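Here's the letter readout for the chains.
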Amino acid sequence: MEAVDRTNGRVFSDRGRLYTESLCPGKRIYGERLVSVSGTEYREWDPRRSKLSAYLSAGGRSFPFGTGSRVLYLGASSGTTASHVADICPEGKVFCVEFAQRMFRELVSTCGTRPNMMPILGDATKPDGYSMFVGSADIVYQDVAQKRQADIICDNMDAFGAQYGMVAVKARSEDVTASPESIFAAAEGRIKERGFRIIDELSLEPYEKSHEMIVFGRKSL
Ligand SMILES: C[S@@+](CC[C@H](N)C(=O)[O-])C[C@H]1O[C@@H](n2cnc3c(N)ncnc32)[C@H](O)[C@@H]1O
């Protein structure tokens, strides 16, 4: 098991598979493989189940997460990827926002396995609705599959004073008739118009069709 460079030593690899160090040894969240090496347990992080893992597997080079990061995670669903982010940031906090009741119930159960995860039933388009729980964040990570993805993450970056944003843009959620390339270019343009600097942009193929990860930050970074 070796730490993957570019990940601040927080993500590991072995024979081409990615892993995070489990904060909650012995527990699986979604049937993932558990591997023990010298008394430390690692959870396999499948790029076909997580866009953040897909980004790293596809060669993504920007990874702003560290042990103490406060992360606002928009579109947490049942907490699959968010649980790996919690492994990556054991001394930080992962605020997990989800608006679908059924997914939220599963999210609450996932968050019960990790003290640094907080489930929030909320709408990512209305940051005022959860600002009392979050306060401030270092990073906003977004995977919401709806329209106006660039504006939603920028609104949250501004509301919580975050330095870094990471958005998995799903082209088909914006417009099924336009080409994915034009949608990704429009999202990047909008992020720049909102006053941020693009750090990286990468297609998530072959793991996710018509998705791009955009990593961006404040101009002062
Ligand atoms: C593709 S899934 C997220 C998968 C998850 N990020 C993972 O990797 O484990 C998108 C989720 O975003 C949620 N969602 C969509 N729009 C939202 C909004 N405005 N506010 C909060 N959640 C939203 C959906 O209910 C869905 O659970």
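Coordinates for the structure precede this section.
Residues numbered from 1 in each chain as written. Predicted model: local features only at pLDDT ≥ 70, side-chain atom pairs only at ≥ 80, totals over all residues. Heavy atoms only, no water.

1. Section: the site of the ligand
In the region of the ligand, 17 residues are neighbours, and Tyr73, Thr81, Glu98, Ala124 and Gln146 sit closest. For the ligand, a nitrogen atom lies 3.4 Å from a polar atom in the backbone of Val144. A distance of 2.7 Å separates a nitrogen atom of the ligand from a polar atom in the side chain of Gln146. For the ligand, the accessible surface in isolation is 610 Å², of which the surrounding protein chains cover 84%. Of the residues contributing to the shell around the ligand, the split by class is seven nonpolar, six polar and four charged. (Near = heavy atom within 4 Å. Polar contact = N/O pair within 3.5 Å; in protein donor to acceptor, adjacent residues only side chain to side chain. Areas by Shrake-Rupley, 256 points an atom, 1.4 Å probe, with all protein chains shown as cover. Nonpolar A, V, L, I, M, F, W, Y, C, P; charged D, E, K, R; others polar.)

2. Describing the packing of aromatic side chains
Taken as a whole, this structure holds five aromatic pairs when the rule is applied. Aromatic pair Phe12 and Tyr42: ring centres 5.1 Å apart, planes at 65°, arrangement edge-to-face. Residue Phe12 is found in strand β2 (residues 12–14), and its partner Tyr42 is found in strand β5 (residues 40–44); the two are separated by 30 residues along the sequence. Accessibility assignment for this pair places Phe12 and Tyr42 in one class, buried. For the pair Phe196 and Phe216, a centre-to-centre distance of 5.3 Å together with 70° between the ring planes defines the contact as edge-to-face. On the criterion of sequence distance, the pair formed by Phe196 in strand β11 (residues 196–203) and Phe216 in strand β12 (residues 211–218) is long-range, its members being 20 residues apart. Both residues of the pair, Phe196 and Phe216, belong to the buried class. (Phe/Tyr/Trp six-rings, centres within 6.5 Å; stacked < 30°, edge-to-face > 60°. Helix = DSSP H or I, 4+ residues; strand = E, 2+ residues; numbered from the N terminus. Buried < 20%, exposed > 50% of the residue type's maximum accessible area, 1.4 Å probe, protein only.)

3. Focus: the pairing of strand β3 (residues 17–21)
Across three bridges, the pairing between β2 and β3 is antiparallel. Within β3, the residue paired with Phe12 across the bridge is Tyr19. Hairpin geometry of β2 and β3 is characterised by an intervening segment of two residues between the two adjacent antiparallel strands and by a positive phi of about 45° at Arg15. One ladder, built from three bridges, connects β3 with β5; its direction is antiparallel. Residue pairing for β5: Glu21 is matched across the bridge by Tyr42. (Pairing = 2+ DSSP bridges.)

4. Thoughts on the pattern of salt bridges
All chains considered together, the criterion is met by 17 salt bridges. Here Arg43 and Glu32 are joined by a salt bridge, their closest N and O atoms 2.8 Å apart. Taken together, the residues Arg43 in strand β5 and Glu32 in the loop between β3 and β4 (34–37) connect sequence positions eleven residues apart. When sorted by exposure, Arg43 lands in the same class as Glu32, which is buried. Between Glu44 and Arg33 there is a salt bridge, and its shortest N-O distance comes to 2.9 Å. On the criterion of sequence distance, the pair formed by Glu44 in strand β5 and Arg33 in the loop between β3 and β4 is long-range, its members being eleven residues apart. (Salt bridge = Lys/Arg side-chain N within 4 Å of Asp/Glu carboxyl O.)

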